[in-house]
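Summary of structural features
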Amino acid sequence: MSKVVFITGASSGIGAAVAQYLASKSYIVYGTSRHPKNKTEGHVQMLPLDVTDTISITKAIAVVLKKEGHIDYVINNAGMGITGPLEETPLNETKRVFETNYFGALEVIKAVLPSMRSHRRGMIINITSIAGYMGLPYRGIYSATKGALGITTEAYRMELREFNVKMTTVAPGDFATNIAAGRYHAPVLENSPYKDNYGNTLKLMDEHVDAGMDTQVMAKVIHRIMQTKNPKVHYRVGFFMQKFSIALKRMLPDTWYEKLLLNHYKL
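Residue numbering note: each chain is counted from 1, following its sequence as written. Reporting in this predicted model follows two pLDDT cut-offs: at least 70 for local features of residues, and 80 or more for side-chain atom pairs to be given and counted; totals over whole chains, interfaces and linings ignore these cut-offs and use all residues. For the side-chain quantities, the full set of heavy atoms in the structure was used; hydrogens and water were omitted.

1. A look at the overall build of the protein chain
- Secondary structure follows DSSP: runs of H or I at least 4 residues long count as helices, runs of E at least 2 residues long count as strands, and numbering of each begins at the N terminus. Secondary structure assignment for the protein chain yields nine helices and ten strands.
- Taking 267 residues into account, the globule formula puts the C-alpha radius of gyration at 18 Å, and the protein chain, at 19 Å, falls close to it.
- For the protein chain, the C-alpha atoms occupy an extent of roughly 55 × 40 × 30 Å along the three principal directions.
- Relative accessibility under 20% of the residue-type maximum defines a buried residue, over 50% an exposed one, and the middle range a partly exposed one, all with a 1.4 Å probe and only protein chains included. Going through the 267 residues of the protein chain one by one, you find that 49% of them count as buried.
- The contact criterion used is simple: two residues touch if any of their non-hydrogen atoms lie within 4.5 Å. Once local pairs closer than 6 in sequence are excluded, the contacts in the protein chain between residues at least 24 apart make up 70%.
- Surface exposure here means Shrake-Rupley accessible area, sampled with a 1.4 Å probe, where a residue is shielded only by the protein chains that are shown. Within the structure as shown, the protein chain displays about 13500 Å² of accessible surface, and the carbon and sulfur contribution to it stands at 54%.
- For the charge count, each Lys or Arg is scored as positive and each Asp or Glu as negative, with His and the chain ends excluded. Charged side chains are reduced to one point each, which is NZ for Lys, CZ for Arg, CG for Asp and CD for Glu. Here the protein chain contributes 32 positively and 22 negatively charged side chains, and the mean placements of these two sets differ by 10 Å. Throughout, radius of gyration means the C-alpha value; the globule benchmark is 2.2 Å times the number of residues raised to the power 0.38.

So this is what it looks like as structure tokens:
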């Protein structure tokens, strides 16, 4: 019997790559986006879903359960970026990113867990970010949303253990996607005390994305995790120095690590 996969944010970038790759491996794949252009994308069946709308989430999950009877894998991929000086980032934009990156993922999990618990099987993969392991300048809100999802996953794993439902995170580094175009960018204000540093950091971030890894790398890693009986708590996917930066944060005194970041961003 083919396994059923449910992926949020599957219209572009990592989500689309993962969805198409898993469909090529004979999984039954349902992808979602807020406004899908077509009912199918290749062999992926597309459903409308807005992770900030609980009713929308419930409807999409119900459609799949009615048609397939179960969901074996959920990949919480939907997300958005945000950049800007913390002092100058509007609170409503901060809340909007948390609603998408954090609370949206939690609502998807809540919607699918009753079915997974009743079947006593299932795996939920939460896409976080290497940025979620550290506070990055002018990306503090984004780092916070992904860090929160990672920590919540750690707690959820222990609560779900008795039901044989697995959960893990996959933290990508820089990948060649259109995430930069979809970010909320706090404007670089002419009279801002952060103008020069923020402007330069913004350019550097966009360059990193443009030179990022191919999304197929992420698709293959996720597929391997899905075939793992007991997945690890966290996985990281990125260039060596991006993954090594997490190890350095654990080993170095905080102020030393802070200096490394300041040098990296030329601040």
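2. Some points on the packing of aromatic side chains
- Stacked, tilted and edge-to-face are the three classes assigned to paired rings of Phe, Tyr and Trp, where Trp is represented by its six-membered ring and a pair needs centres within 6.5 Å; plane angles under 30 degrees give stacked, over 60 edge-to-face, the rest tilted. Under the criterion given, the structure shown has five aromatic pairs.
- Members of the aromatic cluster, joined through ring pairs, are Tyr138, Tyr194 and Tyr198.
- Above the ring of Phe163, the side-chain terminus of Arg117 is found at 5.8 Å from the ring centroid. For a lysine, the NZ atom is tested; for an arginine, the CZ atom; a charge sits over a ring if that atom is within 6 Å of the ring centre and within 35 degrees of the ring normal.

3. Considering the side chain of Lys146
- Mapped onto the elements of the fold, Lys146 is located in helix H4 (residues 140-160).
- In the sections that follow, a salt bridge refers to a side-chain nitrogen of Lys or Arg positioned within 4 Å of a carboxyl oxygen of Asp or Glu. Of the side chains bearing the opposite charge, Asp174 lies closest to the buried Lys146, which forms no salt bridge; the N-O distance is 13 Å.
- Excluding residues that lie within four positions of it along the chain, Lys146 makes contacts with Asn101, Ile127, Thr128, Ser129 and Gly132.

4. Examining the pattern of salt bridges
- As enumerated under the stated definition, the model contains four salt bridges in all.
- For Asp72, the salt bridge goes to Arg121, with nearest N and O atoms at 3.2 Å. In this pair, Asp72 is assigned in the loop between helix H2 (54-68) and strand S5 (73-76) and Arg121 in the loop between helix H3 (91-119) and strand S7 (123-127), connecting sequence segments 49 residues apart.
- Between Glu93 and Arg96 there is a salt bridge, with the nearest N and O atoms lying 2.9 Å from each other. Of this pair, Glu93 and Arg96 both sit in helix H3, three residues apart, roughly one helical turn.
- On the basis of relative accessible area, Glu93 is assigned to the buried category, the value being 13%.

5. As for helix H8 (residues 240-251)
- With twelve residues, H8 extends 16 Å between its outermost C-alpha atoms, agreeing within 8% with the 16 Å of an ideal straight helix rising 1.5 Å per residue.
- Regarding H8, the residues found buried are Gln242, Ser245, Ile246 and Leu248. Angularly, the buried residues of H8 cover 165° about the axis, an arc narrow enough to put them on a single face. Seen from the open side of H8, the exposed residues pointing more than 90 degrees away from its buried face are Phe240, Arg250 and Met251.
- Check the buried side of H8 and you find it contacts strand S10 (234-237) and helix H9 (254-264). Expected span of a helix: the number of residues minus one, times 1.5 Å. What the arc measures is the spread of directions leading from the helix axis to the C-beta atoms.

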